[in-house]
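So the chains spell out like this:
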Amino acid sequence: MSFDWIKLLGFIVTPLIASAVGFTYMGLSRKITARVQNRIGPGISQSFIDVVKLYSKKTAINHGLMQHMGPVFAITASITTLLFLPVIKDSIFFANFSFRGDLIFLIYIMVFGQLGMALGAGQTGNPNSAIGVSRGLSQMVGFKVPYVMALVAIMIHAKSTNLQEIIAVQDGFRNWMVFQMPLASLAGLLAYLGYMGYAPFDVPFAPAELASGPPSEFGGKYLALMMTSRSIFTFAKLVLFVDVFFGGASNFIELLIKTFLLYLFALFVGLVNPRFRTEQSIQFWWKWPTAIGALALLLVAWKG
Amino acid sequence: MEQLLNIPAILAIAFAGSILVFVTHLVLPRLRTAVVLLLTLVPAYLVWQLPVDSPMVYFSLGGFDLSWGTNPYSRLFSLLIAGIGVLSTIYSLAFMKNKARLGFFYLAFLATIAAMYGIVFSQDLLSLFFFWEIMTWSSFLLVIYYRFENQQAGIRYFVFSAVGAYALLTAIVYLYSFTGDLSLAATFRVIPQLSTTQLSWITVLFLLGFGVKSALMPMHVWAPDAYRSAPSPFTALFSGVLSKMGVFGMGLVLFKFMGGLEPGHIIREVLAWMGGITALLGTFYAVFQTDAKKLLAYSSIAQLGYIIVGLAIGTPMSVMAAIFLALMHGIFKSMLFMGVGSVFHQTGSLDLNELTGLIRRMPLSFVTVLMGIITVAGVPPLGGFVGKWLLYESLITSNHYFLVIVLFTSSTAAFLYLYRLIFSIFLGQEEREFDHIKEVSWVMWVPMLILAGMTLVTGILPGIFFGPIAEAMQYLGFPQIDWQMSVLFNPWGNQVDMLSVITSIATVFLLGLAFITWKNFRTTRYVTTKDIHTSGEMPTENENLTYAIDFYRPFERAAAPIFKYKVTRMYASFAENAEHLFDLLRHVYTGNAQTYALYVVIFLVILIVFSGWIFGIQI
Amino acid sequence: MNLNFSPVHFIAVPLFAAFLLPLLGRISQKLVTLVPGIVLLYLSAVALTLFPQAYNEPIVEIIAGWRPPFGITLVFGPLAAFLVTMITLIGFVVWIYSYRFIIRAPLEKYYMLFMLLIAGSTGIILTGDIFNLFVFLEITAIAAYSLTAFLRDHNGAEAAFKYLLIGSFASAFVLLAIIILYANVGTLNMADIAVRMGDVPAKIKLTIMILFIVGLGIEAELFPLNGWAPDAYSQAPSPIGAVFAGIVVKAAVYALMRVLFTLFDLPTSSHFLVVMGTITLLIAEMSAMRQQQIKRMLAFSSIGQMGLVLVAFGLGTREGIAAALFLMFSHAIIKTLLFFSAGYLVFFSGFKNISDLEGVGREKPWTGFFFSLGALAIIGLPPFSGFWGKFYLLISAANASHIFLIVLILFSAVIEAVYYLRVVGRLYFKKLHDIEIRRTPFTGLLAMGILAIVTITIGVYPDFIYELVLPAADELLDKAAYLQYAMMGQ
């Protein structure tokens, strides 16, 4: 097998682009939040400035090896997730490993980073971090139920677990999963809100209450790497949901539009809602979204 | 050595070994360690060398024809027994050092291993049951090893085992009444001639028997306490291998005996759902445990649930997944119990509310537990992922949509208890009281790290297990199964390439690690866990900053409705009512001679009056 | 090899010893303890010597020179050989145990009654004469009444009285049955009776059978006729409890079976036996569950085991009877072991209650070990002999398509496991009460050790016994052959 330079370049460039897009969205979200709250807010490039500043910090402290490696776990998971995602339909450049993984693999690899982060946060000894992790993991059990229901329904509908093939099924506007499988998509999108961690499901990070929870002991290069990871991960999540529910994207502009709209959806839901307590959000997901997801599964089972 | 390569020799060495160790302990305690080591290694080596198609051994005992032999299926399990058996024995050498009643301990320990060899090599139902019962009572002796606190656990274990064993026995003698021959071969021949009802009864009884050992809900109530009570080296073997004997038997019953139960049969579906519910509830219970071993015990119950789901579904892929998970569970659960056991050995505590911050004191145990929890969680790239992936994909492709949701929920909730396990013990605040703790001796950490290495190898090259599993499945009656060394694929043709996964993860991880280590290498400081951000106030030395008690209170509140009913309580009330009934019946024996005389007369009168009805002759 | 041994010795020698013992007591107490041992050793030697012959060709001994059907015969076939050998061997082990256990006077009384029990029990098994059977039954019973009250306390006297009262019913019914029988057939030789039984009207036959069932059922601990048993077992000295469970009941069951199988056609009563056996088993096991006293518990367990034996006989097939005999053998070994160890446990703690035994097992590891081993064995775990007995029974029940019976038997086994393990648990797990711990004599441990080794050996290699019980079962089933050799003599 000849060595494919384009592919190698793709491996390097994809995370960079993802990171850039992620930071931009984060900047935009701060701006939009501010405008909604009738503030002026920081510039869009604020996130870039923050991360560059953190990278250039000369000192750093840690509480041990696990905290040292936590951000590495996170970035590993983010980039690996991204590499196994078909970012743009049929693009060789962005294809990376997307033929060699499937949805269930993605679900699992996405946890890898969270686990690493949780371990790193745990070692800091800060009770706020531990509380944050406890809440975050508990919430995850909540939203994973409708989430997996939606994904399983879609996998069965598409008769494939591979994301490439799931995108291929959604050829044409009318074949998008949101229209093909409205119930599953509804359950999936409600779970997606939990995945993004904005209000009302932001109790694990609650800045005012927990001092941002898990990341509260991270600074300097550690925080910088974590933020980079977060930007990539945010983008990866958006791409995943676009691929699964909105037919993927055939070019970069389409991708940006779709992901940004999806991002705004989570943001706006958050802006108009107060914060749920942990058990409230878990019970929320175990009620309606789960019921909807179950219905979707029943429908798929009945059809096929 | 050549002459010893047959099953009777191996079993004889193994059983005689257990007695020899006991005698050695009485006579020459100094040689005990050497003898124990020798008598575990020799049978294990012989089992390893045993050819897959070694000739069957036939003999007659008590009027029955018995036979022992090997096949790919038994070889797979015998290697698991040998491997984990040897490692846990080595581990026990240091763990049990200076403990009392070591002769008794090793007698039961080696007898359990020997009995398990016997179970997998049995080619007839009587030897199977015979060894099964020996395994039961020898493991029972180990459960009650730390005598005082464990009586309840031991008796519960024994009674449940007895019920299971008697279900097994009923099935065996019922089958025998049709076959007149106890050998598996004859059984397989006769099975197709039985009616569906008979077959179903036999299957259910067998599954009940094997289900008890693999702690299938609702027959699981013995397991948490029994796992908790046994000494850690044995718990590793108990949960890792002994519970697999139930899986071994279920595999035989579901595929070899009951060829008539095609996939989708009601018994299979019910069993699969029982497995699914076991997985879910086991996980939820594990989340609320504050005792490390009890947490792992519930985790074990849950993991066995996954395996049973795979077996019950019965498609080639799901069975592959189940057996793979069974082997993986043998590896990772033993290593977790060993890791937690090491902590117990050094600190004397298993209380998650009490332990904290041991990572720098016991780094190797930490690595073991870390690898263990990653494997349990099924996160790539370790071996646990392979098993989970195969199982989920097999469920999805065989239309078990809701079951896959149940399992997914369970494995998501598993993160909760896994994180709590590692966080409470190794992470968090480092407390003064644990400053003196040291890592365990190499005798203990070498086996742990060997197992940890296995989880990595099986993640990258799962094919080393797929090969033997495929052969075993062919023995069970499946067609030839395609497998590849490191690519997983499902019936729809989708695949996961573990080599790409490991390439990506390893590259990024190493680059990231290099980056974060090199950058500001000199100006990166290590600070203690007391030096943390607490809104401007410096915590003092005595301030308790450990967050461990009621770690998952919010989740508990959310999940409260699920836990309203407890099976344990149901059994307890059943037992209580039964005893009351027995107590009433006991008063038939009034202790009064007149009453007894009256009984005699009444009995005589009844016999005479109803003689026609009783003896079929009119007076 | 014929050293002029004869089955007569089994009865004559212990009887003679029994009458000799009070005289010996005048000379030396040492002799009183030694002579029964020598007698039992001799009997064991005789049994083992005659054993192969009996299996080859049954030995029929004619007493007082009259040929059957007029003379009294002793029939030493495979079945009798098996049971008599078992009885003499168990008797010998009981003697080893008693050697240092029974140390309070009057020694000669104890050993005299013990010898009478042995003589009576072997007599029941050997005799071919129905009236003789009654006589031996009475000898056994009278010795048993006296031994029950041996300790001369209030409870012992009460238990002995109960035993006596119910036992007199047994005597009366058996005697009545024999009288009616004699009136109708005019002979007392069992083989001869069996031949002439065809002429007896069905109604009378049935009456006789019912009288025998009730009369012998009392001694064989058939429910609900077994009210005497728990008291007698628990009040008698421990070795005698073992003798009751291991020897006396076995002889009584043999008598019942011999009468039912040889004098009557079994099929009419087989279902009755299965049902009554099951009821006996279940009631006994349930009652055992909540007993406060360890020996009472063992007594109920013993009754339960006899229920199993009755079920096995009731199945009436060759395997069924073989299973019954195997069960009898393994029960004799294990229950004796249990009574022995329980005897010392009670002796150590000074109390009979289970709650007083707490922690004794840790202080007395060997006695505790033997009790635990016996408990595991009687529950029916491999590799102990108890397993095979139950397994043979279940196999024959399955072959007779009694699936429900299997379930009931196994259910009772679960109950058994619970109450035995509770006791074992208490022996080890609870705190020791403040009691003085006494030494276990070597002979006690030796006796228990022998039994433990036997139960394990048979458990690992049951063929030793199984090959012996099959011809014995054949003998019981093959009425024609029995008639032939019992009538002909030699």
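Residues numbered from 1 in each chain as written. Chains lettered and ligands numbered in written order. Predicted model: local features only at pLDDT ≥ 70, side-chain atom pairs only at ≥ 80, totals over all residues.

*Asks:* For this particular structure, what's the right way to read the overall build of chain C?
*Replies:* Looking only at helices and strands, chain C has 20 helices and two strands in total. Taking 2.2 N^0.38 as the reference for a compact globule, 490 residues should give roughly 23 Å; the C-alpha atoms of chain C span a radius of gyration of 21 Å, in line with that estimate. Counting only C-alpha atoms, chain C reaches 70 × 60 × 45 Å along its principal axes. Within chain C, the fraction of its 490 residues that count as buried is 65%. Look at the contacts in chain C between residues 6 or more apart in sequence, and 79% of them connect residues 24 or more apart. (Helix = DSSP H or I, 4+ residues; strand = E, 2+ residues; numbered from the N terminus. Rg over C-alpha atoms; globule rule 2.2 N^0.38 Å. Buried ≥ 20, exposed ≤ 12 C-beta atoms within 10 Å, placed from the backbone. Contact = placed C-beta atoms within 7 Å.)

*Asks:* Would you mind showing me how to read the overall build of chain B here?
*Replies:* In terms of regular secondary structure, chain B is built from 23 helices and five strands. Against the compact-globule benchmark of 25 Å for 619 residues, chain B has a radius of gyration of 27 Å, which places it among compact chains. On the principal axes, the C-alpha backbone points of chain B span a range of 110 × 60 × 60 Å. Of all 619 residues assigned to chain B, the portion counted as buried reaches 58%.

*Asks:* Honestly, the interface of chain B and chain C in this entry has me stumped. Any pointers?
*Replies:* By a widely used convention, the size of an interface equals the accessible area lost when the partners come together. The interface of chain B with chain C comprises 45 residues on the first partner and 51 residues on the second. Counting residues per element, the ones that place at least two in the side of chain B that touches chain C are α5 (125–143), α6 (151–179), α21 (567–586), α22 (593–609) and α23 (611–615) of chain B. The residue inventory of the side of chain B that touches chain C, partitioned by class, reads 32 nonpolar, eight polar and five charged. (Nonpolar A, V, L, I, M, F, W, Y, C, P; charged D, E, K, R; others polar.)

*Asks:* Just checking my understanding: could you explain the pairing of strand β1 (residues 57–61) of chain B for this structure?
*Replies:* Within a regular strand, the side chains alternate between the two sheet faces. All names here are of chain B. The pairing of β1 with strand β2 (residues 64–68) spans five bridges and is classified as antiparallel. The residue of β2 that forms the bridge with V57 is W68. If you look at the hairpin formed by β1 and β2, you'll find two residues sitting between the two strands, and G62 has a positive phi there, around 55 degrees. (Pairing = 2+ DSSP bridges.)

*Asks:* Would you mind going over the arrangement of the chains with me for this structure?
*Replies:* Across the two pairs of chains in contact, the largest number of contacts is found between chains A and B. Over all C-alpha pairs, chain A and chain C never come within contact, reaching a minimum spacing of 40 Å.

*Asks:* Is there a simple way to explain the interface of chain B and chain A in this structure?
*Replies:* At the junction of the two partners, chain B supplies 62 residues and chain A supplies 68 residues. Among the elements of the structure, α15 (383–397), α16 (401–426), β4 (495–497), α19 (498–518), β5 (524–526) and α20 (553–559) of chain B are those that each provide at least two residues to the side of chain B that touches chain A. Counting residues per element, the side of chain B that touches chain A draws most heavily on α16(B), which supplies 13 residues. Among the residues forming the side of chain B that touches chain A, the class breakdown is 37 nonpolar, 18 polar and seven charged. When strand β1 (residues 60–62) of chain A meets β5(B), the two strands line up parallel, connected through three bridges. Following the sheet pairing, A60(A) is matched in β5(B) by T524(B).

*Asks:* How should I be thinking about the packing of helix α16 (residues 385–399) of chain C against helix α18 (residues 442–460) of chain C in this particular structure?
*Replies:* In helix packing, the relevant descriptors are the interaxial angle and the interaxial distance, both defined with respect to the helix axes. Residue and element names in this part refer to chain C. One way to put it is that α16 packs onto α18 with a least axis distance of 7 Å and a crossing angle of 45 degrees. In terms of axis orientation, α16 runs oblique to α18. Judged by residue contacts, S385, F387 and W388 of α16 engage T455, I458 and G459 from α18. (Axes fitted to C-alpha atoms, helices over the stretch in contact; angles between N-to-C directions. Parallel < 35°, antiparallel > 145°, perpendicular 65-115°, else oblique.)

*Asks:* Sorry if this is basic, but what is going on with the confidence of the model for chain C here?
*Replies:* For any part of a model where pLDDT is low, the fine detail of the predicted coordinates should not be relied upon. When pLDDT is averaged across chain C, the result is 85; 93% of the residues are at 70 or more. For this predicted complex, the interface confidence comes out at an ipTM of 0.92, alongside a pTM of 0.90. (pLDDT = per-residue confidence, 0-100.)

*Asks:* Could you clarify how one ought to interpret helix α8 (residues 182–196) of chain A in this entry?
*Replies:* Each α-helix winds once per 3.6 residues, and so residues spaced three or four apart point in a common direction. All names here are of chain A. Given a rise of 1.5 Å per residue, 15 residues ought to cover 21 Å, and the 21 Å separating the end C-alpha atoms of α8 matches this to within 8%. Of all the 15 residues making up α8, 13 are buried; the element is thus mostly covered by neighbouring parts of the structure. Following α8 by one or two positions, G197 adopts a phi angle in the positive range, close to 75 degrees. (Expected span 1.5 Å × (residues − 1).)

*Asks:* Is there a simple way to explain the pairing of strand β2 (residues 72–76) of chain C in this structure?
*Replies:* Residues and elements named next belong to chain C. Counting buried residues along β2, four of its five residues qualify, which places the element largely inside the surrounding structure. Relative to β2, strand β1 (residues 59–63) is paired through five bridges, and the arrangement is antiparallel. Each residue of the ladder has a partner; that of I63, found in β2, is I72.

*Asks:* I keep staring at the environment of F130(B) and nothing clicks. Help me out?
*Replies:* Mapped onto the elements of the fold, F130(B) is located in helix α5. Through-space distance from the C-alpha of F130(B) to that of I119(B) is 8.3 Å; in sequence the pair is eleven residues apart.

*Asks:* In this structure, what is going on with the environment of M140(A)? I would like to understand it.
*Replies:* Structurally, the position occupied by M140(A) is in helix α5 (residues 127–158). Among the residues examined, M140(A) registers 20 C-beta atoms within 10 Å and is labelled buried. Apart from the residues within four sequence positions on either side, M140(A) is in contact with T412(B) and F415(B).

*Asks:* Help me understand the packing of helix α1 (residues 7–27) of chain B against helix α2 (residues 32–49) of chain B in this model?
*Replies:* Residues and elements named next belong to chain B. Between α1 and α2, the least distance of the axes is 9 Å, while the angle of their chain directions is 175 degrees. With respect to α2, the element α1 is oriented roughly antiparallel. Facing I10, I13, A14, G17, L20, V21, T24 and H25 of α1, the residues of α2 in contact are R32, V35, V36, L39, V42, P43, L46 and V47. Class assignment for the residues of the contact of α1 with α2 results in twelve nonpolar, three polar and one charged.

*Asks:* Which parts of the structure should I look at to understand unusual backbone geometry?
*Replies:* Peptide bonds are, in most cases, trans, and in most cases residues other than glycine have a negative phi. Between P380(B) and P381(B) the backbone carries a cis peptide bond, its omega angle lying at 5 degrees. Omega for the peptide link from P382(C) to P383(C) comes to 0 degrees, which places this bond in the cis form. Note that P383(C) resides in the loop between α15 (365–379) and α16. Residues other than glycine seldom take positive phi values, yet D550(B) does so here, at roughly 50 degrees. Note on D550(B): 12 C-beta atoms within 10 Å, which makes it exposed.

*Asks:* It is not clear to me how the environment of L16(A) should be interpreted in this structure. Could you clarify?
*Replies:* Take L16(A): it is sitting in helix α1 (residues 5–36). Counting along the chain gives 216 residues from L16(A) to I232(A), while the straight-line C-alpha distance between them is 8.2 Å.

*Asks:* Hey, could you run me through helix α10 (residues 238–263) of chain C in this one?
*Replies:* All names here are of chain C. A rise of 1.5 Å per residue sets the reference length of α10, with its 26 residues, at 38 Å; its end C-alpha atoms lie 36 Å apart and thus fit the reference within 8%. When the local axis directions of α10 are compared, the greatest deviation, roughly 40 degrees, occurs at F244. With 26 of its 26 residues buried, α10 lies for the most part within the structure. (Bend = angle between axes of the 7 residues up to and from the residue.)

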